[in-house]
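Summary of the model geometry
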Amino acid sequence: MTDRMHEFSDAASLASALADEVAARLAAALRDRGTASIAVSGGSTPKKFFEALSTRDIDWSKVTVTLVDERFVPADSDRSNHRLVQTHLLKDKAANARFLPLFYDVASIQDAADKATEETAGIDNPFDVVILGMGNDGHTASFFPHGNNLAQAIDLSGPRGVLTMRADGAGEERLTFSFASLSDARFLALHIEGQGKKDVLDQAKAGSDENEMPIRAVLNRAATPVDIYWAP
Ligand SMILES: O=C(O)[C@H](O)[C@@H](O)[C@H](O)[C@H](O)COP(=O)(O)O
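Residues numbered from 1 in each chain as written. Predicted model: local features only at pLDDT ≥ 70, side-chain atom pairs only at ≥ 80, totals over all residues. Heavy atoms only, no water.

This part is about the pattern of salt bridges. Applying the stated criterion to the full structure yields 17 salt bridges. Three or more residues are tied together by salt bridges with common partners; here these are R33, D128 and R186. (Salt bridge = Lys/Arg side-chain N within 4 Å of Asp/Glu carboxyl O.)

Spelled out as C-alpha cells, the structure:
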C-alpha cells in the first residue's frame, strides 16, 4: 500500500498539524455518523500531539478514545499508556471524551485481553482515527519482532479485538489490538520523530521480513494508505 510522507521542521509544528488533521477527521465522523473513535499509541513521542489535540474544540462527549496497545500494568504505573493519555490528552476540551482502557485488574493477561475485546466491541468499525508509533526495532503497536503471538496479531484474516503479546524488548507483557482491528481505519497515521526513527523507517521499507520488522506489515498490507508524520 502507498504511504504519504508529511515532514515538518520541528516536533511542535508536527504536533499542531497532526492535531488539526485528527480533529477534522473526528469532527467529520461526528457530522456524518454522530459518534467518533480514535485509538492512540503510547510511548514518549505522542505527548506534544496529545497536548495539542486536547485543545481542539470538537464535541468530545461523543468521541471514544482507546489505546492501540498497553503494557500489562495498572493505570497508576508510570509505564501505563492509560496514565499517559489521562495526563496529556483527556483534559481541557477533551476532558469529557469516553475512554476505554485495555488493562483490567483480572486474574490473567488473557482475561484482560478478552475483557478489553468485549468492552471495545461496541466501537463502530472501522476506527475513525488510528495513531501508530514505531520503536527502533521496527515494532508498532505491540507487534514486536519475534513476539509470541506476532503471526496471529498481523494476520489480516484474523478477528478484530485485543490479544496478548510477549517479546524480548517489550518489557512487560502487552495487550494490543490486532492488525485486523487497525488496518482499515479511516485515517491511519504513523507518528515518528528523529533521524534515528527515519533511518529505521527506511530500513523497514528496504526489506520484507515482517517478523524481523513488524512495521512492514502496516506499510505493505494496511487497507488504508498510511500517512507518515515525521519531524527531525
Ligand atoms: O506502548 C508503546 O510503547 C507504544 O504503543 C509503542 O508501540 C510505541 O509507539 C513505540 O514503542 C514508540 O515509542 P516511543 O514514542 O517512546 O519511541
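Read on, since the account is not over.
Among the 15 residues in the neighbourhood of the ligand, the closest are listed as S44, T45, D69, H139 and K197. At a separation of 3.3 Å, an oxygen atom of the ligand approaches a polar backbone atom of G42. A distance of 2.4 Å separates an oxygen atom of the ligand from a polar atom in the side chain of D69. Bound to the protein, the ligand loses 88% of the 420 Å² it would expose on its own. Judged by its atoms lying within 2 Å of the grid points, the ligand is housed in the largest pocket. Its residues placed into classes, the shell around the ligand shows two nonpolar, nine polar and four charged. (Near = heavy atom within 4 Å. Polar contact = N/O pair within 3.5 Å; in protein donor to acceptor, adjacent residues only side chain to side chain. Areas by Shrake-Rupley, 256 points an atom, 1.4 Å probe, with all protein chains shown as cover. 1 Å grid on protein atoms, 1.4 Å probe; cavity = no way out; pocket = protein on both sides within 12 Å on 5 of 7 lines; lining within 4 Å. Sits in = over half its atoms within 2 Å of the grid points. Nonpolar A, V, L, I, M, F, W, Y, C, P; charged D, E, K, R; others polar.)

The sites that carry the UniProt feature "domain: Glucosamine/galactosamine-6-phosphate isomerase" (unreviewed entry) are, in the present numbering, residues 10-221. Helix makes up 36% of residues 10-221 and strand 17%, whereas the separation of the span's terminal C-alpha atoms amounts to 29 Å. (UniProt positions renumbered as here; feature names shortened; annotations may be inferred. Helix = DSSP H or I, 4+ residues; strand = E, 2+ residues; numbered from the N terminus.)

To continue, consider the nonpolar core. Formed by 77 residues in total, the largest nonpolar core has its most connected members in V22, I38, V65 and I131. The leading source of residues in this core is helix α1 (residues 11-33), at nine residues. For I131, the contacting residues outside a window of four places in its chain are L18, V22, I38, A39, V40, S41, F49, V68, F187, A189 and H191. (Core = buried A, V, L, I, M, F, W, Y, C linked by side-chain atoms within 4.5 Å. Buried < 20%, exposed > 50% of the residue type's maximum accessible area, 1.4 Å probe, protein only. Contact = heavy atoms within 4.5 Å.)

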